[in-house]
Amino acid sequence: MTDENIPPNNNEDPDLRDRNRELEEKIRQLEEEKNKLSKRIENLEKENDIFREETDRYKKENEIFRKETDRYKKENEIFRKELQAKGADIEELLKQNKDLKFRVNMNSSNSSKPPASDGLRKVIHKSLRKSSGKKSGGQPGHAGHSMTVPHRPDETIEYLPVKCRDCPNIDTCKSLGKLSSSEDRYSVDVRFQICVSDHRTFKAEGCPLGHDDIAVFPENVKAYVQYGDTVTELAGILNTYGAMSISRIRCLFNEVLGLTISEGTIISMVKRCADKVEPAMEKIRDKLKDSKVVHYDESGLRVDKHLGWVHNASNDKYTYQIIHEKRGFEGMKAAGIIEQFKGVAVHDCWLPYWSFDSMSHATCGTHFLRELNAIEELEPDHQWVKRFRELLLSMKQSKDLTLSIGEGQVDPGRIETYMGIYDDIMRQADGECPPPQETSGKRRPARGKERALIERFQDLKQDVCRFVYDIDVPFTNNQAEQDIRNVKVKGKVSGCFRTTEGASIYLSLMSFISTARKHGVTSYAALKAAFDGDYSMVIRDSD
């Protein structure tokens, strides 16, 4: 009999029946779990097959990369042998690479390059100044300046109350004092006016005393109609101190003053101004020759499609500038000052200056600070750089403090301490950046920027520290840089000078105007006096 034919046992225990049901349910659940696990195993096996295929692919790619790496190593070894066969010095190449990085990273914050050379890239400037702790603006106790009324008013403009303007009794109110001034305010303005002077000569005929004669015109009155000295002086000032182009001066005269002056006439006016100040240039040169301290600098300027060089010699009283085709020894001699100068020459440590042995030398501390910043960016682990910068700033601070209290010399004991620190830093520098090993060839081994600066500090110790020994010698060469800055401004405006004569005219006028301003004389007053042949307010015997 089959199970289906087995009659149900009506006498079966109910508990046993329930238990059988539970077992059947568990068996069913286990079957479902089994099926799920089987499917999961099947999926995992598929994934494993995929991973196995990817692993095989990676192994093949890795084998290809290994072969390529071995090929590159062989090629590198061949290349290295070729370099050695050709006598290439890897260490020398690394030094050259270091120097190239130094040149690429040069900008206006770590070298003598002007800000204009930075281009559009943003340069984070490391200020060479330390914070004074003071707030910006005017300090308590400073001598303030305010606008004042320069002279009595040329006209009075009255403002009446609105209701009084058309009142018929306004004159009566004024006479009775019922309408009086309540407040005055002044406006200072400029009015341009052309002044025409009639120069008239007379002749005497039939004089009872026999004094028949005819008057002559002044030397500066030569034509029937001409422009006066004031127009000439203004053209000279605008072209030089104002850095305006000839075409813009012509437009200004035409549109503001109503004078139709040609560009050729303006050029002649500027040349006439230069001729008037030429006698003063000789005196300025003589004054600088006899000075104790003179600042020297040079700057490039395009002249007649070529690069010329402006040579500057100046101090706090006088400025003398010329143009020359050479930057070095010949250009310096052409100014006629440096060869006969026996004082202290402050300059930017350029080698040709040491060709003149009749003078003492002082180098610009600010230039050294910029060079130290550049080396610190390239070699941040070299501690001698930070120490030397702190030493320079400490010596400068001692010098400034000495000047502020009116002393004539920095304390000798403090100077001796500074010199001991100086020598210690140089020993540290030799350790951190030792000199290159000498070679058997004639060629001197490359030193690099850092080593070259170290040797400069070692060889020129007296000149680097002269500002702390001599109270009259400044820490920087800013005086020369400020005096020559006008050349760069003019170059940006006009681009270049078409002739050497034009550049010389400009520099003569700027030298005279700069000297005048250093003596507290305005450019207009100085040039007006020069037209009168009076140079006493600019060239003073007491200097």
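Let me sum up the structure you'll find in this document. The structure displayed is predicted, hence computed values, not measured ones.

## A short note on the environment of Ile 338
Step number 1: Here Ile 338 shows up in the loop between helix 7 (329-334) and strand 6 (344-347).
Step number 2: When the C-alpha positions of Ile 338 and Tyr 296 are compared, they lie 9.0 Å apart, and in sequence the two are 42 residues distant.
Step number 3: Here Ile 338 is in contact with Tyr 296, Met 332, Lys 333, Tyr 353, Phe 356, Ser 358 and Met 359, once residues within four sequence places are set aside.

## Things to note about the nonpolar core
Step number 1: By size, the foremost hydrophobic cluster in this structure holds 46 residues, and its most contacted members are Phe 253, Leu 288, Tyr 296, Tyr 320, Leu 509 and Phe 512.
Step number 2: Those elements giving two or more residues to this core turn out to be helix 4 (229-239), helix 5 (246-257), helix 6 (263-289), strand 3 (293-303), strand 5 (319-324), helix 15 (500-518) and helix 16 (523-531).
Step number 3: For this core, the element with the most residues is helix 6, which contributes 10 residues.
Step number 4: Non-local contacts of Phe 512, meaning those with residues more than four positions away in its chain, are made with Val 277, Ala 280, Met 281, Ile 284, Ala 526, Leu 527, Ala 530, Tyr 535 and Val 538.

## A closer look at helix 6
Step number 1: If you check helix 6, its first and last C-alpha atoms are 38 Å apart, about what 27 residues at 1.5 Å a residue would give, namely 39 Å.
Step number 2: Along its length, helix 6 shows its largest kink, about 45 degrees, at Glu 278, and proline Pro 279 lies within four residues downstream of that point.

## Let's talk about the packing of aromatic side chains
Step number 1: Scanning the entire structure with this criterion turns up 11 aromatic pairs.
Step number 2: Seen from their ring centres, Phe 368 and Phe 457 are 4.9 Å apart, and the 70 degrees between their planes marks the pair as edge-to-face. Within this pair, whereas Phe 368 is found in helix 8 (residues 365-378), its partner Phe 457 is found in helix 11 (residues 448-459), the two being separated by 89 residues in sequence.
Step number 3: Relative accessible area serves as the criterion here: at 2%, Phe 368 is assigned to the buried category.
Step number 4: Ring plane angle 75 degrees and centroid distance 4.9 Å describe the contact between Phe 467 and Phe 475, whose orientation is recorded as edge-to-face.
Step number 5: Through a chain of ring-to-ring contacts, the aromatic side chains of Phe 368, Trp 384, Phe 388, Tyr 422 and Phe 457 assemble into a single cluster.

Conventions used here
Residues numbered from 1 in each chain as written. Predicted model: local features only at pLDDT ≥ 70, side-chain atom pairs only at ≥ 80, totals over all residues. Heavy atoms only, no water. Helix = DSSP H or I, 4+ residues; strand = E, 2+ residues; numbered from the N terminus. Contact = heavy atoms within 4.5 Å. Core = buried A, V, L, I, M, F, W, Y, C linked by side-chain atoms within 4.5 Å. Buried < 20%, exposed > 50% of the residue type's maximum accessible area, 1.4 Å probe, protein only. Expected span 1.5 Å × (residues − 1). Bend = angle between axes of the 7 residues up to and from the residue. Phe/Tyr/Trp six-rings, centres within 6.5 Å; stacked < 30°, edge-to-face > 60°.

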